[in-house]
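# Fold and geometry: a report
Each chain, letter by letter, is given below.
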2 protein chains.
Amino acid sequence: MTAPIKINHVAIVVEDVDVALKFWHEALGLPLQHVEHNEDELVNIAFLPLGEGEVELIAPFTPESGVAKYLAKKGAGLHHLCLEVEDIDAALTQLKERGAELITEQPKVRPDGTRYGFVHPKSTGGVLLELYEKALTSS
Amino acid sequence: MTAPIKINHVAIVVEDVDVALKFWHEALGLPLQHVEHNEDELVNIAFLPLGEGEVELIAPFTPESGVAKYLAKKGAGLHHLCLEVEDIDAALTQLKERGAELITEQPKVRPDGTRYGFVHPKSTGGVLLELYEKALTSS
């Protein structure tokens with residue numbers, strides 16, 4: 001049996017990253033690592049490291065993005081939870097065998113080599129759950 | 001300037017803790033520390049440790065609880081994010097000085113000595129944010 005090893009990040013959907021940073025960075029004091037302009041998802045993402053994980057602030061930059069539609073429908077707030085696993089193939093297989101509904105049957109790969117997949121909120125009690133397997137940094 | 005040191009927990013509101021544990025504990029594999037029957041908040045809470053933090057599953061056991069009303073209105077899903085701070089007085093003072101709206105002006109204290117307070121979602125970009133200062137275990 002495999003199990004997640006830590007909370008990788010908590011993602012928050014906001015209207016505007018700069019406005020949200022006034023709270024999360026300037027008032028609360030979380031360090032700001034960088035802001036990414038992500039053309040694949042049509043969002044800006046601010047990364048704020050915190051302990052062994054991080055907080056991510058996500059804001060759409062066009063009304064066409066999926067996140068813009070989510071924001072219009074549900075409003076700003078907690079969007080998804082991402083847990084880190086050592087072996088995402090084993091984790092997704094185990095979840096499927098135990099009846100969970102996966103959004104991502106086969107892991108996808110980010111440019112930095114991170115492999116990831118999503119579990120449907122139907123199976124988790126309403127939470128969009130992401131699983132991450134980080135790329136090995138040495139080989 | 002003070003800043004949070006880690007994610008203490010992510011709280012998820014569910015209809016039924018036992019049903020939710022079938023996913024989070026049995027399928028996903030998170031260890032179950034214990035389930036608390038909390039008469040103050042009228043909820044059952046399952047604690048699932050994960051890395052330096054934990055996932056909490058919260059379910060009302062009567063329709064009178066505040067969480068039952070939240071569940072009826074918003075549905076199951078991510079409920080709040082709790083970050084750990086070293087000095088909650090300093091953290092709340094800093095937030096207030098920088099214009100954040102606090103739900104808890106003065107920290108409250110749990111039976112185990114944890115001191116905590118909440119920041120209003122208006123200030124955070126839609127997230128109910130809890131801050132925790134853990135009790136010292138040695139003195």
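Residues numbered from 1 in each chain as written. Chains lettered and ligands numbered in written order. Predicted model: local features only at pLDDT ≥ 70, side-chain atom pairs only at ≥ 80, totals over all residues. Heavy atoms only, no water.

### Quick notes on the environment of Val35 of chain B
All names here are of chain B. Threshold: Only DSSP runs of H or I with at least four residues qualify as helices, and only runs of E with at least two residues qualify as strands; both kinds are numbered from the N terminus onward. Think of it in three bands: with a 1.4 Å probe and only protein chains considered, a residue is buried below 20% of the maximum accessible area for its type, exposed above 50%, and partly exposed in between. Contacts are residue-level and defined by heavy atoms, with any inter-residue pair within 4.5 Å sufficient.
Within the element layout of this structure, Val35 appears in strand β2 (residues 34-38). We classify Val35 as partly exposed; its relative accessible area is 43%. Taking the C-alpha atoms as reference points, Val35 and Val19, separated by 16 residues in sequence, lie 13 Å from one another. Those residues in contact with Val35 that sit more than four places away from it in its chain are Val17, Leu21, Asn44, Ile45 and Ala46.

### Considering the interface of chain A and chain B
For clarity, the cut-off: Salt bridge criterion: a side-chain nitrogen from Lys or Arg within 4 Å of a carboxyl oxygen from Asp or Glu. Classification used: nonpolar for Ala, Val, Leu, Ile, Met, Phe, Trp, Tyr, Cys and Pro, charged for Asp, Glu, Lys and Arg, polar for all others including Gly.
Counting residues at the interface gives 42 residues for chain A, matched by 42 residues for chain B. Counting every contact that joins chain A to chain B gives zero salt bridges. Secondary-structure elements contributing two or more residues to the side of chain A that touches chain B are β1 (6-13), α1 (17-27), β5 (77-84), α3 (88-97), α4 (121-124) and β8 (129-133) of chain A. The element best represented in the side of chain A that touches chain B is β5 of chain A, accounting for six residues. Residue classes in the side of chain A that touches chain B are distributed as 25 nonpolar, twelve polar and five charged.

### Overview of the pairing of strand β4 (residues 53-60) of chain A
Residue and element names in this part refer to chain A. Note the threshold: By the convention used here, strands pair only if DSSP detects at least 2 bridges between them.
In terms of residue burial, β4 counts as a mostly covered element, since eight of its eight residues are buried. The alternating pattern of β4 places Gly53, Val55, Leu57 and Ala59 and Glu54, Glu56, Ile58 and Pro60 on opposite faces, both of which are buried. Summarising the sheet, β1 and β4 pair through five bridges and their orientation is parallel. The partner of Ala11 across the bridge, within β4, is Glu56.

### A look at the state of the cysteines
Two cysteines whose sulfur atoms are joined by a covalent bond form what is called a disulfide. Rules: Two cysteine sulfurs form a disulfide in these notes if their separation is within 2.5 Å.
Here the structure, examined in full by the defined rule, presents zero disulfides over all chains. We note that Cys82 of chain A lacks a disulfide partner, and the nearest cysteine sulfur, in Cys82 of chain B, lies 20 Å from it.

### A few points about unusual backbone geometry
All names here are of chain A. The phi torsion at Leu42 lies on the positive side, around 60 degrees, for a residue other than glycine. Position of Leu42 relative to the elements: it lies in the loop between β2 (34-38) and β3 (43-50). Exposure remark for Leu42: the relative accessible area of 24% places this residue in the partly exposed category.

### Considerations on the relation of the copies chain A and chain B
Selection rule: Superposition of the copies was done by least squares, using only C-alpha atoms of residues whose pLDDT is at least 70 in both.
Placing chain A over chain B gives an RMSD of 0.0 Å and needs a rotation angle of 180 degrees, together with 0.0 Å of translation along the axis. Taken together, the turn and the small shift mark the pair as related by a two-fold rotation axis. Minimal C-alpha separation from the rotation axis in chain A is found for Leu78 of chain A, amounting to 3.2 Å. Comparing interface residues between copies, 100% of those in chain A also lie at the interface in chain B; the contact surface is shared.

### Thoughts on the pairing of β2 of chain A
All names here are of chain A. Across five bridges, the pairing between β2 and β3 is antiparallel. Considered in β3, the bridge of Glu36 is made with Ile45. From the end of β2 to the start of β3, which pair antiparallel, there are four residues, and Leu42 there has a positive phi angle of about 60 degrees.

### Topic: the domain arrangement of chain A
All names here are of chain A. Rules: Note: domain ranges come from an automatic or database domain assignment. Buried area counts how much accessible surface, traced with a 1.4 Å probe, disappears from two parts once they are put together, with both parts' losses summed.
Split by domain assignment, chain A resolves into domain 1 (1-84) and domain 2 (86-139). If you average the C-alpha positions of domain 1 and of domain 2, the two centres end up 18 Å apart. At the junction of the two partners, domain 1 supplies eleven residues and domain 2 supplies 13 residues. Taken together, the two surfaces of domain 1 and domain 2 that pack against each other cover about 1,100 Å², and 56% of this comes from carbon and sulfur. When the area that domain 1 buries against domain 2 is broken down by residue, the three leading residues are Thr2, Leu81 and Glu84, summing to 37%. Summed over the shared surface of domain 1 and domain 2, the result is zero salt bridges. Elements represented by at least two residues in the side of domain 1 that touches domain 2 include exactly β1 and β5. Ranked by the residues each element gives to the side of domain 1 that touches domain 2, the list is headed by β5, at six residues. Of the residues contributing to the side of domain 1 that touches domain 2, the split by class is five nonpolar, five polar and one charged.

### Side note on the pattern of salt bridges
Residues and elements named next belong to chain A. A complete count under the given rule lists twelve salt bridges over all chains for this structure. The partner of Glu130 in a salt bridge is Arg110, and the shortest N-O contact between them spans 2.6 Å. With Glu130 in strand β8 and Arg110 in the loop between β6 (108-109) and β7 (115-119), this pair connects stretches of sequence that are 20 residues apart. Here the residues in one salt-bridge network are Asp89, Arg115 and Glu133, joined through shared partners.

### Remarks on the packing of aromatic side chains
Using the following cut-off: Pairing of aromatic rings covers Phe, Tyr and Trp, the last counted by its six-membered ring, and requires centre-to-centre distances within 6.5 Å; plane angles under 30 degrees mean stacked, over 60 mean edge-to-face, and any other angle means tilted. Whether a charge sits over a ring depends on NZ of Lys or CZ of Arg being within 6 Å of the ring centre and within 35 degrees of the ring normal.
If you walk through the whole model with that rule in mind, you get four aromatic pairs over all chains. For the pair Tyr116 of chain A and Phe118 of chain A, a centre-to-centre distance of 6.3 Å together with 85 degrees between the ring planes defines the contact as edge-to-face. Ring geometry for Phe23 of chain B versus Trp24 of chain B: centroids 5.2 Å apart, planes at 85 degrees, classification edge-to-face. Given the relative accessible area of 5%, Phe23 of chain B is considered buried. Accessibility expressed as a relative area gives 0% for Trp24 of chain B, which makes it buried. Lying across the ring of Tyr116 of chain A, Arg110 of chain A places its NZ or CZ 3.8 Å from the centre.

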